[in-house]
Amino acid sequence: MLPPEDVLARDLAEWLPRQRWFGGKDSPIEDLAIGTATELRAGDPGLYHLVLDVRQNGATEHYQVLLGVRRDLPGRLGYARIGPPGGGAAKQQTYDAAHDPDLTRTLLEHLAAGASAGPLRFRHVPGARIRTDLTSLPITAEQSNTSLLFGDAYICKLFRRLGDGVNLDLEVNLALTRAGCEHVPAVHGWIELAPGGDGGEPVTLGLLSDYLRTGADGWSLAIASVRDWFAHATQPEDDEWAELDASAAGGDFAAEAERLGAATAQVHRALADAFGVTVVPADEIRGLAARMNAELTGTCRAVPGLAPHAKALTGAFIDLAAQAGPLPVQRVHGDYHLGQVLRSESGWSLLDFEGEPARTQSERRALSHPLRDVAGMLRSFEYAARFLITRSGTVPLESGGHLETRAHAWAARNRAAFCRGYAAAGGADPAAHAVLLRAFEFEKAVYEVRYEARNRPAWLPVPLKSLAHLTA
Ligand SMILES: Nc1ncnc2c1ncn2[C@@H]1O[C@H](COP(=O)(O)OP(=O)(O)O)[C@@H](O)[C@H]1O
Ligand SMILES: O=P(O)(O)O[C@H]1O[C@H](CO)[C@@H](O[C@H]2O[C@H](CO)[C@@H](O)[C@H](O)[C@H]2O)[C@H](O)[C@H]1O
């Protein structure tokens, strides 16, 4: 049984700001109410699904929590406790049930059965046989959601802060799974909150997909390659090093970059087939160029370090406007970088189609030209190349100037390989759309400067140094 609502709300308000995934750590909680409480498993331990209405700065956000209730909380779950030890007057111990495999199995059982509980609906794709005998483990890598591994079969992403309707990740992954696309983890099921009386969309709560057991993320693989690239360049002249036969460095990434380019083009084709393509008139492209420039102006005001590059960046946006013609647009990834791709034995897979976190839902859903994603990945090669010399203490700073040339050579080699793979697999040839690609890349770099200044100021030199190189 749940503790009294006022006690539970008070305990949750104390616990919430300490959670990594809580998005409102910078402001006090003005009010917390239990929006819905749905019993998913009766008994001891019991499982409840809660939607919390959390008011901060006058605005209300909704968060979901799986609440475990036990009379005695075993020591292994002590770290997940919500509320005082011993359970206070109610003598009920409440805790974050995402950490309790005895309770999370209920999610699999409900998904397998296609069950409903109160406003919650558990859905599976037709024909899916969801295993219910697996033990869960939360993965630790994430900031804003909680993902549970079930054995080595499934990953279940539970969205913590709830959006307004169908989550983009579900919408896109489901469409691509249905289309048989090999480059996304197959979706098996999802959990949603039924729409209220206003007839709106269901709100996505969670997504169950194939777990890519042997997957390694593109960022780690790329960083390992850069490290090796630096280590193998003993003391040759820089120019000579840039020409070095890649086989001399064991960690060359170019073949992987080329395969990643091909996988990206195939996903773009599948997105176009699933969601369609629209041609926008030249006027809209001129409007896009103007918006890119306005973002630049705003970001220069907020981050003065960007100002020295402003002239070159504006030049690229003016070129885009000057050459504007009708352009095909479609659904794209929207926040494409090396951290969003996994390499497993079955090739490259793309993850996380939720778009850029700072954008609104409608901006994230907006159609764009697929080269926007290509530009995102090109930026990521720039980041990977410069990360070790700009951010890490592992490379002696005095050799930074020398390594900068080497970093540039790594980025250039892998950018070219990615574009080659993309064009060969039928994507728009980046070389034939240089003005558009450059404008997209500069737009992304401006976004990154703002993103880093706000979220990771120590990383700010990474995009700034890359811009210094690209605009020289
Ligand atoms: N299907 C999967 N198979 C293996 N690992 C995965 C899978 N999906 C996500 N991951 C791991 O979880 C991390 C976070 O996933 P992601 O979907 O990007 O979540 P978030 O939106 O919370 O960042 C990824 O970087 C990856 O390491
Ligand atoms: O992965 P998210 O959807 O949260 O994306 C945001 O955070 C990213 C950083 O984690 C950020 O990506 C930038 O840093 C990456 C290295 O950490 C680099 O590979 C990307 O190219 C660079 O843009 C992303 O921009 C932001 O939206």
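A quick note: this is a predicted structure, and the numbers were derived from the prediction, not measured. Think of each chain on its own: its residues are numbered from 1, step by step along the sequence as written. Following the order in which they are written, the chains are lettered starting with A and the ligands numbered starting with 1. Residues qualify for local features only when their pLDDT is at least 70, as the model is predicted, and side-chain atom pairs are given and counted only at 80 or more; totals for whole chains, interfaces and linings, by contrast, use all residues. Only hydrogens and water are removed before side-chain values are computed, so all heavy atoms of the structure are retained for them.

One can read the domain layout of the protein as domain 1 (5-99), domain 2 (102-210) and domain 3 (216-470). What counts as a domain boundary in this text is fixed by an automatic or database domain assignment. One C-alpha centre belongs to domain 1, the other to domain 3, and the line joining them spans 40 Å.

Take unusual backbone geometry next. Following D44, the chain continues into P45 via a peptide bond in cis, with omega recorded as 5°. Backbone geometry at N57 places phi at a positive 50°, although glycine is not the residue there. Runs of H or I in DSSP of at least four residues are treated as helices and runs of E of at least two as strands, each being numbered from the N terminus. If you trace the backbone, N57 turns up in the loop between strand 2 (46-56) and strand 3 (59-70). The phi dihedral of D352 falls on the positive side, at around 60°, and the residue is not glycine. With respect to the helices and strands, D352 occurs in the loop between strand 17 (347-350) and helix 9 (361-365). Residue burial is assigned from relative accessible area. The probe radius is 1.4 Å, only protein chains are included, and a residue is buried under 20% of its type maximum, exposed over 50%, and partly exposed in between. A relative accessible area of 24% means that D352 is categorised as partly exposed.

A few words now on the nonpolar core. In terms of nonpolar packing, the biggest core is built from 76 residues, with L176, L306, F381, W410 and F418 touching the most fellow members. Top contributing element to this core by residue count: helix 10 (residues 371-390), with 12 residues. Of the residues that make up this core, three or more belong to each of domain 2 (102-210) and domain 3 (216-470). Throughout, a residue-residue contact means that at least one pair of heavy atoms, one from each residue, lies within 4.5 Å. Excluding residues that lie within four positions of it along the chain, L306 makes contacts with L296, T299, C300, L313, V446, V449, L464 and L467. Here, the term nonpolar core denotes a set of buried Ala, Val, Leu, Ile, Met, Phe, Trp, Tyr and Cys residues that are joined through side-chain atoms within 4.5 Å.

Turning our eyes to something else, we now look at the pattern of salt bridges. A pair is scored as a salt bridge if a Lys or Arg side-chain nitrogen falls within 4 Å of a carboxyl oxygen belonging to Asp or Glu. Here the structure, examined in full by the defined rule, presents 33 salt bridges. Linking R70 and D102 is a salt bridge whose minimum nitrogen-to-oxygen distance equals 3.6 Å. Here the residue R70 occupies a position in strand 3, and D102 occupies one in helix 2 (residues 101-113), the gap between them amounting to 32 residues. A salt bridge links E171 to R365; the shortest N-O distance between them is 2.5 Å. In this pair, E171 sits in helix 3 (residues 168-178) while R365 sits in helix 9, placing the two residues 194 residues apart along the sequence. The exposure class of E171 is partly exposed, given its relative accessible area of 22%. The structure contains a network of salt bridges with shared partners spanning R379, E382, R386, E404, R415, E441 and E448.

Moving on, we come to the sheet that holds strand 6 (residues 116-117). Note: two strands are recorded as paired if DSSP finds a minimum of 2 bridges between them. Here seven strands make up an open sheet; going across it, the order is 6-7-11-12-10-9-8 and the pairing antiparallel. Strand pairing shows two members of the sheet lacking a second neighbour, strand 6 and strand 8 (136-138), which therefore form its edges. As defined by bridge partners, strand 10 (residues 154-159) adjoins strand 12 (residues 203-210) across five bridges and the pair is classed as antiparallel. Across the sheet, Y154 pairs through a bridge with D210, a residue of strand 12. Every axis in this analysis is a line fitted to C-alpha atoms, fitted for helices over the stretch in contact. Angles between the N-to-C directions lie between 0 and 180 degrees. In the packing of helix 2 onto the sheet, the strands contacted are strand 7 (120-124), strand 8, strand 9 (145-150), strand 10, strand 11 (187-193) and strand 12, and the crossing angle to strand 7 comes to about 65°. Packing against the sheet, helix 3 makes contact with strand 10, strand 11 and strand 12, and its axis sits at approximately 150° to strand 11.

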